[in-house]
Amino acid sequence: MNATALEKIQAAFPDATCKVVLESVVVDVQPENLENTLSRLKNEADFNCGLMVDVTAIDYLQYPQPQEARFYVVYTLRNWEKNILVQVRTPVKDPDVGIPTATHLWGAAIFGEREVYDQYGIHFQGHPDLRRILNHWQFEGHPLRKDYPIEKGQVCLESDSLEKEIRARLAKKGLDEETLKDINTEVMYLNIGPSHPATHGAIRILTALDGETILANVNEVGYLHRGFEKTAENRTYNQIIPLTDRLNYCSSMMNNIAYAKAVESWLGIEITERAKFMRVVLGEFYRVLDHMVCLAAALVDMGGLTNYWYLYNEKEAAYDLISRLTGARLTSSFTRIGGMYRDFYDGWKNDLEQHILDIEKGFGDALKLVDTNRIVHDRTQGVCVVSAETALSYGLTGPVLRASGVPYDLRKDAPYYNYESFDFEVPVGSNGDIYDRFMIRFYEMKESIKIIRQAMQHIPEGPVNVKDSQVCLPPKAQVYNNIEGLANHFKLVFEGVKTPPGEWYDAYEAANGELGFHFVSDGSGTPYKLKVRPPCFYTMGGFHKMVEGNMIADAVINLSCINIIGGELDR
């Protein structure tokens, strides 16, 4: 597929430099050709890259190999129907002048390009709302530039009013001050969060209301920004694993697995069959736990406290199972590059099955309370609708995209870890409303449990780590009893796993959608650059398209049902 896509892209863009890197076709174009290249990749039937996955930039200031320019911007695009992944790279000769925006092609570029501007200081000509997004509005400098010191923190002394932004949003909808006077409408501005239970202390939602109807909405994120990517540039590859736990902490091990998978893909490591099955079992178990948190929070926000306990009690009990396996409850750090920390303990299969039975009863009882509940149906059906076209434009993935009728799931469309051998369905919605986003997760839990049972039935015996002294720590007996084992252990711990120089992107179907990692390696044991593609970030970028025209109470439920996790959103 990639070879065919490469030939077509090279023929369509003879002035570009094209190559295949892992699963991606990488296209290097000059800034003057960027807009035309992106437009054709999206709109021409041969390419049909309707999903913008991510936007990022690279600062080559300290990179060993010379580059055409210090800064490059990279757009990652997907044709989800044919499993074609394209990365378009362009040099930025002057970041103050910048490059043309892609916001007229994809709504996802609004948030994506804002992040690049915030972190690297690269301007995007024609961007409708180019301002800070993860760092606060009083922040000076651009922290992902290589000459910005990691220890330099900056305190925000005053909150941003967002008045200019909300008025601009109203004007864009044809509701400027003169128009509002003409139609005799008095607008009330209501701020929700970040210090509000519904926004989990991590999101600020500013709404312009006509009564209780939302006329316009702008959002402020970044309240839980930990500087993951800057920190990762100063850690070895294995030292980053505990940092990934803190992304989506409701399904922490999925982040571990996705990260390890991405590094292994570049190293060309084929993990053992037992490790693959372990990752499938644990990944799907955490998908169930993540959906339970989302549904419990959403239903309690709607007033259904009984549902909350049916779901959350079983999730809490599941943490005891996880702690017996990993030694930790919430953030397990259980994977390793090349395999797993250790194997399942004796009796794990029986313990897992008992917890699955309890979970099935818990979400079954919760589903009975809402399945034919008229109040739930009235509050969710036809509310906060997002069409398939809009969902794709804003880069939505996972359950939120599938709720809008797009059957895109990496486990089916770009399978890994033997997913093509498992018997499971991908639930798909029909209306893209809150009801569909609820029910998708209920039915996904059933499918995940089907996968877990199949995997546990067929899991092979054998080691859980590859036999590669350049990647995996040697057995303790070798470390304690011979100098070669000790030296091997020392170098892996202090210098890290060495990756070949280059750049690559790898993705994983996490609980909230496509979780991707974009790496740049200089050949050392520390990534030169590590960019996370968090599904929550782009989902939040389309939040205003869901809630405008709906009621203020609907916005609260909608925020719950799209499952925004602050650690993943802000990194």
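Residues numbered from 1 in each chain as written. Predicted model: local features only at pLDDT ≥ 70, side-chain atom pairs only at ≥ 80, totals over all residues. Heavy atoms only, no water.

**What about the side chain of Ser-521?**
Heads up, the condition is: Numbering of helices and strands runs from the N terminus, with a helix taken as a DSSP run of H or I at least four residues long and a strand as a DSSP run of E at least two residues long. Distance and chemistry together define a polar contact, namely a pair of N or O atoms within 3.5 Å, with one atom able to donate a hydrogen and the other to accept it when in protein, and with adjacent residues in sequence counting only for side-chain atoms on both sides. Residue contacts are defined here by distance: any two heavy atoms, one from each residue, within 4.5 Å place the two residues in contact.
As for its position among the elements, Ser-521 is in strand β14 (residues 513-521). A polar contact is formed between the side chain of Ser-521 and the side chain of Thr-499, at a distance of 2.6 Å. Not counting the four nearest positions on each side in its chain, Ser-521 is found in contact with Tyr-63, Tyr-237, Thr-499, Pro-500, Pro-501, Gly-502, Trp-504 and Tyr-528.

**Details of the sheet that holds strand β1 (residues 17-21)**
Worth spelling out the cut-off: Note on pairing: two strands pair once DSSP finds at least 2 bridges between them. Think of each axis as a best-fit line through the C-alpha atoms, taken over the contacting stretch in the case of a helix, with angles from 0 to 180 degrees between the N-to-C directions.
A sheet is described by the order of its strands in space; here 5 strands give the open sequence β1-β2-β5-β4-β3, paired in mixed fashion. In the strand order of this sheet, the two ends are held by β1 and β3 (51-59), each with one partner. Mean inter-strand twist for the sheet, computed between neighbouring axes without regard to direction, equals 20°. In this structure, β1 lies alongside strand β2 (residues 24-28), joined through 5 bridges in antiparallel fashion. For Val-21, the partnering residue across the bridge sits in β2 and is Ser-24.

**Points about a nonpolar patch on the surface**
Test applied: Only residues whose relative accessible area exceeds 30% and that form no salt bridge are eligible for patches; like-charged ones are grouped when within 9 Å, while nonpolar side chains (Val, Leu, Ile, Met, Phe, Trp, Tyr) are grouped when within 5 Å. Here the Shrake-Rupley method, with its probe set to 1.4 Å, supplies the accessible areas, and only the displayed protein chains count as covering residues. Between Lys or Arg on one side and Asp or Glu on the other, a salt bridge is scored when a side-chain nitrogen of the former is within 4 Å of a carboxyl oxygen of the latter. Under the scheme applied here, a residue whose accessible area is under 20% of the maximum for its type counts as buried, over 50% as exposed, and between as partly exposed, the area being computed with a 1.4 Å probe on protein chains only.
A contiguous nonpolar surface patch, about 420 Å² in accessible area, is contributed by Leu-473, Phe-490, Val-493 and Phe-494. Mapped onto the fold, Val-493 is located in helix α18 (residues 483-495). On the basis of relative accessible area, Val-493 is assigned to the partly exposed category, the value being 37%.

**A few points about the domain arrangement of the chain**
The condition is simple: Domain boundaries shown here were taken from an automatic or database domain assignment. Accessible-area loss on putting two parts together, using a 1.4 Å probe and summing over both, is the definition of buried area adopted here. Basically, the charged four are Asp, Glu, Lys and Arg, the nonpolar ten are Ala, Val, Leu, Ile, Met, Phe, Trp, Tyr, Cys and Pro, and anything else, Gly included, counts as polar.
By domain assignment, the chain separates into domain 1 (2-125) and domain 2 (228-570). Each of domain 1 and domain 2 was reduced to a C-alpha centroid, and the two centroids are 27 Å apart. Each side of the interface is counted separately: domain 1 has 35 residues, and domain 2 has 35 residues. Of the roughly 2800 Å² buried between domain 1 and domain 2 on both sides combined, carbon and sulfur atoms contribute 59%. For the pair domain 1 and domain 2, the interface holds 3 salt bridges. Across the pair Glu-514 and Arg-78 runs a salt bridge, and its minimum N-O distance is 2.9 Å. Where domain 1 packs against domain 2, one counts 20 residue pairs in polar contact (both at pLDDT 80 or more). A total of 9 residues in the side of domain 1 that touches domain 2 trace back to one element, the largest contributor, which is β3. Classifying every residue of the side of domain 1 that touches domain 2 by side-chain character gives 20 nonpolar, 10 polar and 5 charged.

**Some words on the pairing of β2**
Of all 5 residues in β2, 5 are buried, a share of seventy percent or more. Here β1 hands over to β2 after 2 residues, with Leu-22 in that stretch at a positive phi of 55°. Alignment of β2 against strand β5 (residues 84-92), held across 5 bridges, turns out to be parallel. Note on β5: the bridge partner recorded for Val-27 is Val-88.

**Examining unusual backbone geometry**
A positive phi angle, close to 50°, is found at Asn-48, a residue other than glycine. In this fold, Asn-48 is placed in the loop between α2 (31-43) and β3. Located in the positive-phi region is Tyr-417, a residue other than glycine, with phi close to 50°. Mapped onto the elements, Tyr-417 comes out in the loop between α15 (410-413) and α16 (434-458).

**A closer look at helix α4 (residues 163-172)**
In plain terms, the rule: To be clear, the arc concerns the directions from the helix axis to the C-beta atoms.
The complete set of buried residues in α4 reads Glu-165, Ile-166, Arg-169 and Leu-170. Take α4 and look down its axis: the buried residues cluster within an arc of 140°, on one side only. Those residues of α4 that are exposed and angled more than 90 degrees off the buried face are Lys-164 and Lys-172. Lining the buried residues of α4 we find β8 (188-192), β9 (204-210), β10 (213-220) and α20 (543-547). After α4 finishes, the residue Gly-174 shows a positive phi value of roughly 80°.

**Let's talk about the nonpolar core**
This is how the line gets drawn: We define a nonpolar core as any set of buried Ala, Val, Leu, Ile, Met, Phe, Trp, Tyr and Cys residues linked to one another through side-chain atoms lying within 4.5 Å.
Val-73, Tyr-75, Phe-438 and Phe-517 are the most contacted members of the largest nonpolar core, which totals 168 residues. It is helix α9 (residues 273-301) that provides the largest number of residues to this core, a total of 16 residues. Two domains each provide a minimum of three residues to this core, namely domain 1 (2-125) and domain 2 (228-570). Discounting residues that sit within four places of it in the chain, Val-73 has contacts with Val-55, Thr-56, Ala-57, Val-88, Arg-89, Thr-90, Val-92, Ile-99, Val-116, Ile-122 and Phe-124.

**Observations concerning the sheet that holds β8**
With antiparallel pairing, the 3 strands of this open sheet are ordered in space as β8-β9-β10. Looking along the sheet, the strands with just one partner apiece sit at the ends: β8 and β10. Adjacent strand axes in the sheet meet at a mean angle of 20° when their direction is disregarded. Relative to β10, β9 runs antiparallel, the two being bridged by 7 bridges.

**What to know about the environment of Ile-562**
Looking at the element boundaries, Ile-562 is found in the loop between α21 (552-561) and α22 (566-570). C-alpha separation for the pair Ile-562 and Val-400, spaced 162 residues apart in sequence, amounts to 6.3 Å. Beyond its immediate sequence surroundings of up to four residues, Ile-562 is in contact with Val-400, Arg-437, Arg-441, Asn-512, Thr-539, Phe-543 and Met-546.

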